[in-house]
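Structural overview for review
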Protein chains: 2
Amino acid sequence: MRILHTYSEQLLRGPSAAAFALRFIVCVSLFCYAMLGQSSPTTDSGLDDRTVSEAKALRDDALTGTKAFQWVEDLTTEVGPRLAGSDSEASARAWAVEALKEFGFHRVWVESFPLPGWERGLETGYVVSPYPQPLTLTSLGGSVATPDEGVEGDLVIFTSLQALESAVPGSLDGKIAYVGHAMRSTQNGSHYGYFGRLRREGASIAASKGAKALLIRSIGTDSHRMPHTGAMTYSPDQPKIAAAALSNPDADQIERMAARGKVPRVKLLLTPRFLGEVTSGNVIADIRGAVAPEQIVIIGGHLDSWDLGTGAIDDGAGVGITMEVARRILSSGKRPRRTIRLILWGAEEVGLLGGRAYLESRKQELKNHVIGTESDFGAGQIWQVTSRVDDRARPLIDLISQLVEPLGVAPGPADVASSGPDLTPLVSAGMPAFRFVQDGRDYFDLHHTPDDTLDKISPQDLDQNVAAYLVFAWLAANTALDDWGWLPSE
Amino acid sequence: MRILHTYSEQLLRGPSAAAFALRFIVCVSLFCYAMLGQSSPTTDSGLDDRTVSEAKALRDDALTGTKAFQWVEDLTTEVGPRLAGSDSEASARAWAVEALKEFGFHRVWVESFPLPGWERGLETGYVVSPYPQPLTLTSLGGSVATPDEGVEGDLVIFTSLQALESAVPGSLDGKIAYVGHAMRSTQNGSHYGYFGRLRREGASIAASKGAKALLIRSIGTDSHRMPHTGAMTYSPDQPKIAAAALSNPDADQIERMAARGKVPRVKLLLTPRFLGEVTSGNVIADIRGAVAPEQIVIIGGHLDSWDLGTGAIDDGAGVGITMEVARRILSSGKRPRRTIRLILWGAEEVGLLGGRAYLESRKQELKNHVIGTESDFGAGQIWQVTSRVDDRARPLIDLISQLVEPLGVAPGPADVASSGPDLTPLVSAGMPAFRFVQDGRDYFDLHHTPDDTLDKISPQDLDQNVAAYLVFAWLAANTALDDWGWLPSE
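Cut-offs applied
Residues numbered from 1 in each chain as written. Chains lettered and ligands numbered in written order. Predicted model: local features only at pLDDT ≥ 70, side-chain atom pairs only at ≥ 80, totals over all residues. Heavy atoms only, no water. Least-squares fit on C-alpha atoms with pLDDT ≥ 70 in both. Contact = heavy atoms within 4.5 Å. Helix = DSSP H or I, 4+ residues; strand = E, 2+ residues; numbered from the N terminus. Expected span 1.5 Å × (residues − 1). Buried < 20%, exposed > 50% of the residue type's maximum accessible area, 1.4 Å probe, protein only. Arc of directions from axis to C-beta. Buried area = accessible area lost by both parts, 1.4 Å probe. Salt bridge = Lys/Arg side-chain N within 4 Å of Asp/Glu carboxyl O. Polar contact = N/O pair within 3.5 Å; in protein donor to acceptor, adjacent residues only side chain to side chain.

**As for the relation of the copies chain B and chain A**
The relation between the two copies of this chain is a rotation about an axis and a shift parallel to it. At an RMSD of 0.1 Å, chain B and chain A line up after a rotation of 180° and a shift of 0.0 Å along the axis. The relationship between the two copies is best expressed as a two-fold rotation axis. No C-alpha of chain B approaches the rotation axis more nearly than that of B:His224, which lies at 4.1 Å. Both copies contact each other with a shared surface, as 100% of the interface residues of chain B are interface residues in chain A too.

Below, the structure is given as structure tokens:
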């Protein structure tokens with residue numbers, strides 16, 4: 001194909017109009033001949049064989065070993081935990097900018113935005129009676145502090161958020177609400193959205209019943225003394241009460257005490273602080289498109305992490321994978337047709353603030369974002385492709401799926417509206433959505449805990465991810481389909 | 001066999017001397033006849049078929065489900081952590097005495113002894129430079145505190161205790177020694193003895209080189225943010241420096257920093273306290289022997305635990321297994337020939353103090369302890385029998401091995417000198433040693449960490465242990481071999 005393509009280019013460069021007609025006929029013939037040698041998905045996807053071959057070569061080369069793990073190691077070692085808005089998150093941006101500048105991007109920059117700061121303090125808890133002993137717990141992200149002397153009360157035990165919601169207002173006056181749940185490990189992580197509501201909204205629901213604090217079983221699937229933190233918010237119409245998560249073994253212990261017909265009485269001391277306005281930012285790096293630079297394909301992960309671990313799987317992995325994808329495209333020396341934009345998002349954990357800030361600043365150019373995706377589900381291998389695109393882009397998605405199939409990835413739902421958390425604002429506005437689904441069976445064993453550290457990551461698994469994202473990025477950025485059509489906004 | 005045995009007993013009870021001679025001949029004949037029907041190990045082991053059948057029945061019944069897990073659950077829930085010499089350890093003794101009195105022992109009592117008290121305080125550590133971040137660590141048991149303002153210094157990295165020992169005296173002046181190691185998970189736990197020396201003796205070795213604190217990689221095999229505590233001692237001729245263990249992921253992080261050619265500088269604040277003299281005790285309960293009550297077979301586990309977890313595998317499991325063994329023998333209604341003594345040892349973790357106190361108080365009656373064993377290697381299934389006994393007792397050990405073989409237990413070395421930690425003083429004095437070896441491949445993942453909790457235990461695995469210990473206890477307490485001979489003391 002490369003020879004035919006070159007020859008037809010030469011013909012079209014000829015000078016005279018008569019010659020042009022002849023050349024046109026030859027060209028069309030050559031084109032038809034060439035097309036006969038191409039498979040139909042390639043045609044409909046707007047991609048030629050050369051580009052497909054390039055994607056395959058990028059894919060296969062990644063499987064021989066990439067630097068993705070190295071970037072995760074560098075970030076988690078040299079920066080460590082990087083809470084949204086903290087000095088450490090700023091160090092992570094500086095680290096990323098320095099690393100990316102060496103990759104040869106056309107442009108690397110930071111887009112800052114403000115956010116309300118919060119930081120963890122002391123956090124202790126113990127059972128006062130009937131069986132005095134310490135508890136392992138952690139403040140939920142965004143929780144208020146307990147009073148200086150702590151808060152002590154009898155627990156009222158609920159086994160689900162629904163049970164708490166059914167409690168009579170006033171029935172928890174002077175008590176501390178404890179809520180368990182039955183979250184399980186699933187391959188696609190789907191229990192998190194459902195059970196996670198307890199963490200996100202539980203405090204105000206408990207407050208509406210009169211509770212003076214909320215203690216939950218961690219939204220996590222491990223059996224270690226590792227409490228899971230994570231974002232929570234307060235309803236404006238309820239008193240703000242302190243909220244903390246027990247590790248699963250501690251939650252078991254509380255439930256065992258209750259099963260003996262005893263009322264566990266606990267004392268909690270939590271001293272998180274609100275810091276006023278602080279700064280986060282998105283680190284953005286462009287591989288500028290050669291033909292349609294204004295059109296943008298987004299890849300990336302988020303730079304911030306929770307403070308308890310070093311943010312290796314959440315989301316050092318996504319950062320490392322997508323940095324390596326961009327680095328490999330840059331070092332191939334080939335320019336894509338449209339712009340590939342790597343975004344290392346800031347302040348994802350505390351409310352997708354990087355994604356919201358990005359959308360806010362691009363209201364006039366939204367539809368230049370032809371498609372995007374984020375890697376933010378740990379370090380496991382990809383096993384599924386999901387998407388939500390206009391029919392015109394379906395052959396492109398099919399071709400991507402076809403090319404990642406040798407990596408052990410199968411096509412999944414073609415009507416899901418996710419591109420990863422930080423792209424939610426863009427996808428909600430109508431941007432076509434694409435996501436590689438990773439195997440997350442152990443994700444909620446580690447997510448938001450002190451245990452989110454580098455040793456949990458297999459370099460080979462990251463390489464498989466890099467291979468798949470290379471296929472996505474190279475094909476999406478090179479297809480000749482120029483208008484895929486945004487979807488109706490949600 | 002039961003009929004023959006009863007008949008020969010009646011003959012021997014007859015009154016006259018003439019009749020005695022006749023009866024003697026009949027008896028010998030009956031005995032010889034009986035012996036022909038018995039396998040030779042049964043004969044040499046001093047056990048009759050009835051006793052062997054009873055042992056098999058006790059064994060098989062245990063496999064249908066025991067209360068061993070229930071005792072562990074009660075202890076770890078109602079008492080929780082129970083550091084040697086603490087109020088919690090006293091609560092554990094009270095709990096045990098109350099539970100054991102309901103089992104129907106002939107006598108249940110506590111033998112108290114004094115020990116120097118120690119308790120954990122705050123423990124924080126962080127990397128000051130080159131990559132500032134917090135560390136997860138814990139004080140070693142018995143460590144002195146750091147100065148009030150903490151201790152800060154550059155780390156000198158050693159990858160083994162041997163490397164530290166080779167350091168030039170004075171070379172660590174003003175520094176903090178960091179020592180890693182290469183401990184692995186093994187089925188029999190054998191790496192603990194070797195690598196554990198770093199924890200036990202490292203501080204004074206580091207001090208002898210001038211170090212102002214010691215930081216070690218935990219003596220453990222997990223990959224969680226779980227530092228392992230455990231006992232350490234100081235040499236009288238060295239300055240006492242504070243000593244702490246990093247979790248394995250934190251130790252990895254320190255080693256990664258060092259591998260980048262940087263000198264990690266850390267600050268530690270540890271505030272453990274010495275409490276003066278406190279009290280511990282052994283809880284002892286006897287099933288008095290019907291024939292030779294002065295002869296004692298010991299079983300048991302240790303009641304104290306480290307303070308970080310709830311002491312489920314170390315050693316709630318051993319307590320629960322051996323309590324259940326005694327309870328089942330008591331509820332069988334059968335009296336053993338000699339006394340079965342259940343000892344729930346105190347203050348094992350801080351230097352086998354219960355075992356030492358027991359020996360100290362029985363100097364005059366040591367040799368009444370015909371054999372003993374302790375369950376203190378977690379909650380895994382038993383896979384091997386080990387022993388060190390006089391040749392006269394070998395057939396007894398062989399018969400025990402034969403009866404536990406259906407449980408998946410094979411004979412192991414017949415020349416090892418362990419009966420478990422608290423029996424070390426007795427075994428060192430010459431008591432025959434016996435030990436069931438449990439599968440400890442995950443033992444050092446949990447041992448001495450916050451993660452030592454009930455959820456790590458399988459009730460079925462405990463039942464297998466109970467079945468094996470029933471065989472040991474019933475046969476050792478009923479054999480007609482009366483003098484097995486102590487071994488030369490060590």
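So much for the structure itself; the text now carries on.
**Notes on helix H4 (residues 49–62) of chain B**
Residues and elements named next belong to chain B. Along its 14 residues, H4 runs 20 Å from first to last C-alpha, staying within 8% of the 20 Å computed at 1.5 Å per residue. Looking only at H4, the buried set comprises Thr-51, Val-52, Glu-54, Ala-55, Leu-58, Arg-59 and Ala-62. Projection of H4 onto a plane perpendicular to its axis shows the buried side chains occupying an angular sector of 160°, all on one side.

**With respect to the interface of chain B and chain A**
On the side of chain A, 32 residues touch chain B, which itself brings 32 residues to the contact. Summed over both sides, the interface of chain B with chain A buries roughly 2400 Å², with 47% coming from carbon and sulfur. The largest share of the area that chain B buries against chain A comes from B:Thr77, B:Arg225 and B:Arg260, three residues that together contribute 26% of it. Counting the contacts that link chain B with chain A gives six salt bridges. B:Glu73 serves as the salt-bridge partner of A:Arg260, at 3.1 Å between the closest nitrogen and oxygen. Applying the counting rule to chain B against chain A returns 21 residue pairs in polar contact (both at pLDDT 80 or more).

**Observations regarding the side chain of A:His369**
All names here are of chain A. Tracing the backbone through its elements, the reader meets His-369 in strand S13 (residues 369–372). A relative accessible area of 0% means that His-369 is categorised as buried. Setting aside its immediate chain neighbours within four residues, His-369 contacts Ile-296, Ile-298, Arg-341, Tyr-358, Arg-362, Leu-426, Met-431, Pro-432 and Trp-486.

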